Amino acid sequence: MYDFDADIADCARAVEQALDRFVSAEVLSGPGSAPARLIAAMRHGSLNGGKRLRPLLVRQAAAVFGVAPALALTAGLAVEALHCYSLIHDDLPAMDDDDLRRGRPTVHKAFDDATAILAGDGLLTHAFGLLATPDAHPDPAVRIALVAELAQGSGAGGMVGGQMRDIEGEQGGFSGNEIAQMQAMKTGALIRASVRIGAIIGGADARALSALTAYAEAAGRAFQLADDILDVTATAEAMGKATGKDAAAGKQTLVGQLGVEGARLQLASIANEALAALRTFGPKADGLRASARYFAEREN
């Protein structure tokens, strides 16, 4: 029987250990020696005990096709490195201006703005380097597909574009559909890419990839809506970051439009949509099913 708590703990441990080995001057130095302060900032922004949910989705999607967790680790590590870069930059004064991340000072607070920008740049760059190595997949054609998938999920039509839409919405306001589009890009696109990367590693055919994509898009919406609810209902101590910032900034969210109870009803519906997308898969998709439930029910 599938054990979600054991799986998420094992994945977090494996990713933390892999990051600890990878984010080092010994590994990341190239034509020149990587500066110690830069490496320290990259480590501060990545080795900080996150849940590692995106690498978990990579390995759960790969597991649908019988791929062992160890064989999905490098791709999961790449996704997590890119995610950590996004958090470092998102916390900057010019963006969300946060002082706390996962219960610790954000990178620009622990170091300085310029070092934080460069630390994010480093994690972003090396994420794609990871996907280009045979450790990600022995087939070069598959590695190319993985690089393209992560670029699409994190670029102008994905995460970065969603961040831009978020900034524009703060200035000019959002309709309900525009909020959904922004969130599908800013948060959902990297979740979508994580699931699709796992499926590509597993050799998914077009039909399976389509079903898993539908799952991932719904799971991404569930994750973001739960996050918006927690921003209203949870404490900063529980979240490990500031809460109530959306309301304080006058930012429009679905929770603001629907109310907390209305948002919870919509969240349950979206989670069921994610589960329905997996109906053609057997028990090997139980990990993905558990993650969808976790996204909808999480408390931090």
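Our structure's up above, just so we're on the same page.
Residue positions within a chain follow its written sequence, with the count starting from 1. Only residues with pLDDT of 70 or above have their local features reported here, since the model is predicted, and side-chain atom pairs are shown and tallied only from 80 upward, although totals for entire chains, interfaces and linings are computed over all residues. Hydrogens and water are ignored here; the side-chain numbers use all heavy atoms of the structure.

Trainee: Whenever I open this one, the state of the cysteines confuses me. Can you help?
Mentor: Simply put, disulfide is the name for a covalent bond between the sulfur atoms of two cysteines. A pair of cysteine sulfur atoms is labelled a disulfide when the two atoms are within 2.5 Å. A complete count under the given rule lists 0 disulfides for this structure. Cysteine 11 takes part in no disulfide bond, and the closest cysteine sulfur, belonging to cysteine 84, lies 12 Å away.

Trainee: Help me out: how do you make sense of the packing of aromatic side chains in this one?
Mentor: For any pair of aromatic rings, the description rests on two quantities: the centre-to-centre distance and the angle between the ring planes. Two rings belonging to Phe, Tyr or Trp (six-membered ring only in the last case) form a pair when the distance between their centres is within 6.5 Å. Interplanar angles under 30 degrees mark stacking, angles over 60 mark edge-to-face geometry, and anything in between is tilted. Evaluated as defined, the whole model comprises 3 aromatic pairs. Ring geometry for phenylalanine 4 and tyrosine 294: centres 5.2 Å apart, planes at 40°, overall tilted. Placement of the pair is phenylalanine 4 in helix H1 (residues 4-22) and tyrosine 294 in helix H15 (residues 286-297), with a sequence separation of 290 residues. Taking the relative accessible area as the measure of exposure, phenylalanine 4 reaches 14% and is therefore buried. Three or more aromatic residues link up through ring pairs in this structure, and these residues are Phe4, Phe223, Tyr294 and Phe295. Charges are assigned to positions over rings by a cutoff of 6 Å between ring centre and Lys NZ or Arg CZ, combined with an angular limit of 35 degrees from the ring normal. Over the aromatic face of phenylalanine 223 sits the side chain of arginine 54, whose NZ or CZ is 5.4 Å from the ring centroid. Helix and strand definitions here come from DSSP, where helices need a minimum of 4 consecutive H or I residues and strands a minimum of 2 consecutive E residues; each element is numbered from the N-terminal end. Buried, partly exposed and exposed residues are distinguished by accessible area as a fraction of the type maximum, computed with a 1.4 Å probe on protein chains only: under 20%, between the cut-offs, and over 50%, respectively.

Trainee: Would you explain the pattern of salt bridges in this entry?
Mentor: Opposite charge on two side chains permits them to pair, given that their charged atoms come into close proximity. Salt bridges are identified by distance alone: a Lys or Arg side-chain nitrogen within 4 Å of an Asp or Glu carboxyl oxygen. Under the defined criterion, the tally for this structure stands at 17 salt bridges. Across the pair glutamate 80 and arginine 52 runs a salt bridge, and its minimum N-O distance is 2.8 Å. Pair noted here: glutamate 80 is in helix H5 (residues 73-90) and arginine 52 is in the loop between helix H3 (36-46) and helix H4 (53-63), with a separation of 28 residues, a long-range link. For arginine 52, a relative accessible area of 2% puts it in the buried group. Overlapping salt bridges bring together Asp7, Asp10, Arg13 and Arg59 as one network.

Trainee: Just checking my understanding: could you explain the nonpolar core for this structure?
Mentor: As a rule of thumb, nonpolar side chains are buried together in soluble globular proteins. We define a nonpolar core as any set of buried Ala, Val, Leu, Ile, Met, Phe, Trp, Tyr and Cys residues linked to one another through side-chain atoms lying within 4.5 Å. Core analysis: the biggest nonpolar cluster contains 83 residues, and Leu123, Leu146, Ile197, Tyr215, Leu225, Phe281 and Leu288 have the highest contact counts within it. For this core, the element with the highest residue contribution is helix H11 (residues 206-233), accounting for 13 residues. Here, residues are in contact when the closest pair of their heavy atoms is within 4.5 Å. Not counting residues up to four positions away in its chain, the partners in contact with leucine 288 are Leu57, Gln60, Ala61, Val64, Leu212, Tyr215 and Leu278.

Trainee: Explain H4 to me, please; I cannot follow it from the model alone.
Mentor: Since the α-helix packs 3.6 residues into each turn, any two residues three or four apart lie on the same face. In terms of burial, H4 is largely enclosed, as 10 of its 11 residues are buried. For H4, every residue scored as buried is listed here: Leu53, Arg54, Pro55, Leu56, Leu57, Val58, Arg59, Gln60, Ala61 and Ala62.

Trainee: Explanation requested: the environment of alanine 70 in the structure shown.
Mentor: Summarising the element assignment, alanine 70 is placed in the loop between H4 and H5. On the basis of relative accessible area, alanine 70 is assigned to the exposed category, the value being 63%. Residues alanine 70 and aspartate 135, 65 residues apart in the sequence, show an inter-C-alpha distance of 9.9 Å.

Trainee: Which parts of the structure should I look at to understand the packing of H3 against helix H7 (residues 113-131)?
Mentor: Under this scheme, a helix contributes an axis fitted over its contacting stretch, all axes are lines through C-alpha atoms, and angles between N-to-C directions fall in the 0 to 180 degree range. At a minimum axis distance of 9 Å, the contact between H3 and H7 shows a crossing angle of 75°. The orientation of H3 relative to H7 falls into the category roughly perpendicular. Contact residues: Arg37, Leu38, Ala41, Met42 and Ser46 in H3; Thr115, Leu118, Ala119, Gly122, Leu123 and His126 in H7. Side-chain classes are defined by residue name, with Ala, Val, Leu, Ile, Met, Phe, Trp, Tyr, Cys and Pro counting as nonpolar, Asp, Glu, Lys and Arg as charged, and the others, Gly among them, as polar. A per-class count over the contact of H3 with H7 returns 6 nonpolar, 4 polar and 1 charged. Any angle between 65 and 115 degrees counts as roughly perpendicular, while under 35 counts as roughly parallel, over 145 as roughly antiparallel, and the rest as oblique.

Trainee: Where do I start with empty space enclosed by the protein in this structure?
Mentor: Any space left empty among the atoms is revealed by the rolling of a water-sized probe across them. The definitions used throughout rest on a 1 Å grid laid over the protein atoms alone, on which a cavity is an enclosed set of points accommodating a 1.4 Å probe that cannot get out and a pocket is an open set flanked by protein within 12 Å on both sides along at least five of seven lines; lining residues are those having an atom within 4 Å of a point. Grid points are joined across faces, edges and corners, and a volume is the space filled by probe spheres set on the points. Counted according to the given criterion, the structure contains 2 cavities of 30 Å³ or more. Lining the largest cavity we find His44, Gly45, Asn48, Leu87, Ile88, Asp91, Arg101, Arg102, Arg104, Pro105, Thr106 and Val107. Counting only elements with at least two residues in the lining of the largest cavity, the list comes to H3, H5 and strand S2 (104-105). Its residues assigned to classes, the lining of the largest cavity shows 4 nonpolar, 4 polar and 4 charged. Taken as a whole, the second largest cavity holds about 40 Å³ of empty space. In the lining of the second largest cavity, the residues fall into 2 nonpolar, 1 polar and 5 charged.

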